[in-house]
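Residues per chain are reported as follows:
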Amino acid sequence: MCGIVGYIGPKEKKSILLDGLQELEYRGYDSAGFAVISGGKLSHFKAVGKLANLRKKAADFTSEGPGAAIGHTRWATHGKPTELNAHPHMGAFSYVVHNGIIENYRPLKEELEAQGVRFLSQTDTEVIVHLFEQKIREGLEPFEAFRATIGRLEGAYAILLISEAAPETIFFAKNGSPLLIALDGEEIYFASSDTAVIGKAQEAYYLEDGEYGYARPGEVRLYRPDDEPKALTTIPLPSDKAMAQKDGYRFFMEKEIYEQSTVIGDTILGRVLDEGIEFEELPDGFFDGIASITICACGTSYHAGLTGAYLLERMARIPCRVEIASEFRYKEPLLSPDTLFVTISQSGETADTLEALKMAKRAGLRSLTICNVDNSSIVRESDAAILTRAGIEKGVASTKAFATQVMVLWMLTLHLGQKRGTLESATIRREIDAMRRSPSALLVEEKLHERIHRLSKRYLHGHGFFFIGRDLFFPLALEGALKLKEISYLHAEGYPAGEMKHGPIALADAELFTIALMPRTLLYDKIKSNVEELSARDATILAISPEEFELADDFIRTKHAEHPMLEFFEMMVVTQLLAMEIAIRLGNDVDMPRNLAKSVTVE
Ligand code: G6P
């Protein structure tokens with residue numbers, strides 16, 4: 001998500017940081033900043049928006065000579081994209097940059113505030129620098145203060161910290177978010193991704209979770225999670241920047257499919273708690289007086305909305321309808337002020353969704369958006385926003401944004417169900433447990449990917465694909481079909497399995513490919529008989545299920561059969577990989593399919 005760069009050495013530090021951050025631009029950001037300690041003196045610059053704004057602000061600043069520097073591009077997750085919330089965050093004599101989320105920042109912040117510390121930002125990150133300085137004030141040596149600080153942190157982080165208490169030193173720590181140290185003689189670089197240092201250094205060490213330490217000119221001290229020292233064994237840095245940007249994957253879409261397991265962890269971090277679901281971004285009483293929900297979105301986000309409606313009605317027992325934004329705008333809908341209007345948008349800029357939102361607001365409805373981009377038009381226009389925290393999505397065909405939207409809707413369901421008293425405590429515990437296991441259902445196993453790759457060669461022709469499913473797996477069927485048509489240009493439709501016999505089954509023959517989503521935990525026998533009907537008409541069937549299905553021509557066995565949502569996420573990954581492998585075999589540009597745009601800002 002965010003980008004980190006650090007440098008220790010005599011060169012002009014501002015340009016090293018800005019150039020490094022520029023290389024990380026592709027990851028998306030909404031503000032940026034850097035801090036330098038040189039000649040024992042600290043300086044910092046921050047700016048909202050593009051790096052050019054930061055360059056302009058720091059135009060007159062130079063910093064040659066021995067020193068250390070840290071820089072950051074921020075993608076807002078806690079607090080708006082403002083200058084105050086941009087990194088580095090400062091205390092009285094130190095600065096910190098951080099990627100990830102400090103899950104226990106609230107109790108830490110309260111503790112520090114009780115000791116008289118004043119906070120400037122709304123971020124979770126700021127606690128790090130204040131904790132560090134409190135430890136120094138308590139008399140600890142700088143490195144011991146840093147060690148004690150990270151010992152208090154829960155959550156995910158990659159951290160760089162500089163301080164007047166230890167000039168020319170960078171303290172670093174990694175847990176869950178990527179961080180590397182790259183070396184060029186006496187000079188030391190840090191980065192969240194190797195693209196930032198390719199061409200500057202030749203070798204690098206990629207930190208493992210729980211590792212931390214400090215670096216000074218020509219010296220890096222690394223410690224393992226059990227506080228034992230560890231030797232720094234570097235490997236050569238890759239030379240191809242484009243490959244490095246894709247983390248070695250062939251396409252951004254592939255990288256984003258693989259990232260889903262991690263970003264879903266970010267989505268639930270600090271929100272899925274033992275006792276229930278909390279959204280600190282929602283004002284108190286936000287749902288008071290709400291009697292129904294209307295969800296409005298386009299494309300993939302609409303499919304997430306359809307999934308959410310099943311969850312909301314079933315578990316939170318609240319009437320919920322879902323509308324395609326371009327249709328909603330002109331249907332002269334009846335809108336009642338006790339309806340919550342929920343928009344879903346990856347970009348936050350989709351024109352139809354934005355206009356539908358404005359209409360709902362004019363009718364006096366309260367609005368909530370589930371969005372991936374803070375400060376986007378839809379976020380600004382809405383009464384409240386829940387950010388999906390997927391990080392920038394480059395592939396035009398949406399994958400990780402969809403996964404995180406669905407996750408937020410599932411969390412919202414539980415949150416509302418608790419408020420409305422529609423859920424037994426055993427159900428709440430079961431759902432929370434399943435939410436926490438979602439990252440593992442989203443992991444891509446090499447064997448599975450290889451199997452899908454092999455199967456894909458049989459699905460490059462035919463007169464059409466039907467993705468079929470029931471209940472929650474109907475919107476997933478719609479989304480699976482959309483993925484396939486977006487990038488393979490093959491005709492594909494998503495259909496409710498029970499509806500096939502009311503028309504589409506007329507198309508069934510050996511050249512009709514049916515992708516059947518057959519979860520164990522939701523209406524298995526029903527979907528099974530629907531697939532049998534198709535098989536009897538000789539349709540070619542690819543069954544995706546934890547249960548062996550003898551009538552299938554091809555079969556992909558899934559593993560997570562203990563909860564419908566875990567089955568949902570696992571099958572989602574299968575359909576995404578299938579679409580991608582078919583498109584690659586057909587020679588298409590997976591990341592930039594013809595005729596499509598990532599963000600559609602016109603009607
Ligand atoms: C475009 C994109 C789709 C996306 C849709 C809605 O059509 O190609 O991938 O689902 O817009 O975008 P949004 O940013 O509002 O989710």
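This section reports on the structure supplied with the text.

Calculation rules
- Residues numbered from 1 in each chain as written.
- Predicted model: local features only at pLDDT ≥ 70, side-chain atom pairs only at ≥ 80, totals over all residues.
- Heavy atoms only, no water.
- Axes fitted to C-alpha atoms, helices over the stretch in contact; angles between N-to-C directions.
- Helix = DSSP H or I, 4+ residues; strand = E, 2+ residues; numbered from the N terminus.
- Parallel < 35°, antiparallel > 145°, perpendicular 65-115°, else oblique.
- Left-handed = near helix turned anticlockwise from the far one by under 90°.
- Contact = heavy atoms within 4.5 Å.
- Nonpolar A, V, L, I, M, F, W, Y, C, P; charged D, E, K, R; others polar.
- Pairing = 2+ DSSP bridges.
- Near = heavy atom within 4 Å.
- Polar contact = N/O pair within 3.5 Å; in protein donor to acceptor, adjacent residues only side chain to side chain.
- Areas by Shrake-Rupley, 256 points an atom, 1.4 Å probe, with all protein chains shown as cover.
- Buried < 20%, exposed > 50% of the residue type's maximum accessible area, 1.4 Å probe, protein only.
- Arc of directions from axis to C-beta.
- Patch = residues over 30% accessible without salt bridge, like charges linked within 9 Å, V, L, I, M, F, W, Y side chains within 5 Å.
- Salt bridge = Lys/Arg side-chain N within 4 Å of Asp/Glu carboxyl O.
- Lys, Arg positive; Asp, Glu negative; His and termini not counted.
- Charge placed at Lys NZ, Arg CZ, Asp CG, Glu CD.
- Core = buried A, V, L, I, M, F, W, Y, C linked by side-chain atoms within 4.5 Å.
- Domains from an automatic or database assignment.

Things to note about the packing of helix H13 (residues 425–441) against helix H17 (residues 564–585)
At step 1: Where H13 meets H17, the axes come as close as 9 Å, and the angle between the chain directions of the two elements is 20°. Taken together, the axes of H13 and H17 lie roughly parallel to each other. The two elements H13 and H17 meet at a crossing, and its hand is right-handed. Within the contact between the two elements, H13 uses Ala434, Arg437, Ser438 and Ala441 and H17 uses Leu566, Phe569 and Glu570.
At step 2: Grouping the amino acids of the contact of H13 with H17 by side-chain chemistry returns four nonpolar, one polar and two charged.

Description of the pairing of strand S11 (residues 203–206)
At step 1: By the bridge criterion, four bridges tie strand S9 (residues 180–184) to S11 in an arrangement that is antiparallel. Residue pairing across strands places leucine 183 opposite glutamate 203, the latter belonging to S11.

Remarks on the environment of alanine 68
At step 1: When you line up the elements, alanine 68 lands in strand S4 (residues 67–74).
At step 2: Spatially, the C-alpha atoms of alanine 68 and tyrosine 189 are 9.7 Å apart, while their sequence positions differ by 121 residues.
At step 3: For alanine 68, the contacting residues outside a window of four places in its chain are Tyr7, Ile8, Lys13, Ala35, Val36, Ile37, Ile162, Glu168, Thr169 and Ile170.

Thoughts on the site of the ligand
At step 1: Taken together, 13 residues surround the ligand, and among them Ser301, Ser345, Gln346, Ser347 and Thr350 come closest.
At step 2: Residue serine 301 places a side-chain N or O atom 2.6 Å away from an oxygen atom belonging to the ligand.
At step 3: Within the complex, 89% of the 390 Å² of free accessible area of the ligand lies under protein.
At step 4: For the shell around the ligand, the per-class residue count stands at four nonpolar, seven polar and two charged.

What to know about the side chain of threonine 73
At step 1: Relative to the elements of secondary structure, threonine 73 occurs in strand S4.
At step 2: A relative accessible area of 1% places threonine 73 in the buried class.
At step 3: Setting aside residues no more than four positions away along its own chain, threonine 73 makes contact with Cys2, Gly3, Leu21, Tyr29, Ser31, Ala32 and Leu51.

Section: helix H14 (residues 446–456)
At step 1: Every buried residue of H14 is listed here: Leu448, His449, Ile452, Leu455 and Ser456. One side of H14 holds all its buried residues, which, seen down the axis, span an arc of 125°. Opposite its buried face, H14 presents the exposed residues Glu446, Lys447 and Arg454, each directed more than 90 degrees away.
At step 2: Contacts from the buried residues of H14 go to helix H7 (252–268), strand S26 (540–545), strand S27 (554–557) and H17.

Observations concerning a negative patch on the surface
At step 1: On the surface, Asp509, Glu511, Asp538 and Asp553 cluster together into a negatively charged patch.
At step 2: Within the secondary structure, aspartate 553 is located in the loop between S26 and S27.
At step 3: On the basis of relative accessibility, which here comes to 46%, the residue aspartate 553 falls in the partly exposed class.

Quick notes on the sheet that holds strand S20 (residues 339–345)
The strands making up a sheet are joined through hydrogen bonds of the backbone, oriented either antiparallel or parallel.
At step 1: Sheet architecture is open: five strands sit in the order S19-S18-S20-S21-S22, paired in parallel fashion. A strand with exactly one partner marks an edge of an open sheet, and here the two such strands are strand S19 (320–324) and strand S22 (384–387). Between one strand axis and the next, the sheet turns by 20° as a mean value, whatever way the strands run.
At step 2: Relative to S20, strand S18 (residues 292–297) runs parallel, the two sharing five bridges. When the sheet's bridge partners are listed, serine 292 is paired in S20 with threonine 339.
At step 3: Seen against the sheet, helix H10 (residues 351–362) touches S18, S20 and strand S21 (366–371) and runs at an angle of roughly 165° to S20.
At step 4: The strands that helix H12 (residues 400–420) touches are S18, S20, S21 and S22; relative to S21, the one it contacts most, it runs at about 140°.

Some details on the nonpolar core
At step 1: Residues Ile293, Ile295, Leu368, Trp410, Phe465, Phe568 and Phe569 are the most contacted members of the largest nonpolar core, which totals 92 residues.
At step 2: Ranked by residues supplied to this core, first place goes to H17 with 14 residues.
At step 3: Taken domain by domain, the makeup of this core includes at least three residues from each of domain 2 (242–438) and domain 3 (444–591).
At step 4: Apart from the residues lying within four places of it in its own chain, the contact partners of phenylalanine 465 are Tyr459, Leu484, Leu490, His491, Ala492, Glu493, Phe513, Ile515 and Ile582.
At step 5: Membership of the second largest hydrophobic core comes to 28 residues, among which are Leu108, Val117, Phe143 and Phe146.

Description of the sheet that holds strand S5 (residues 89–90)
At step 1: In space, the seven strands of this open sheet follow the order S5-S6-S7-S8-S12-S13-S14, with antiparallel pairing throughout. Across the chains shown, the open sheet's two edge strands, defined by having one partner strand only, are S5 and strand S14 (229–230).
At step 2: Of the strand pairs in this sheet, S5 and strand S6 (residues 94–102) are connected by two bridges, and their pairing is antiparallel. Residue pairing across strands places methionine 90 opposite tyrosine 95, the latter belonging to S6.
At step 3: Packed onto the sheet, helix H4 (residues 126–137) meets S5, S6, strand S7 (155–163) and strand S8 (170–175) and runs at close to 130° relative to S6.

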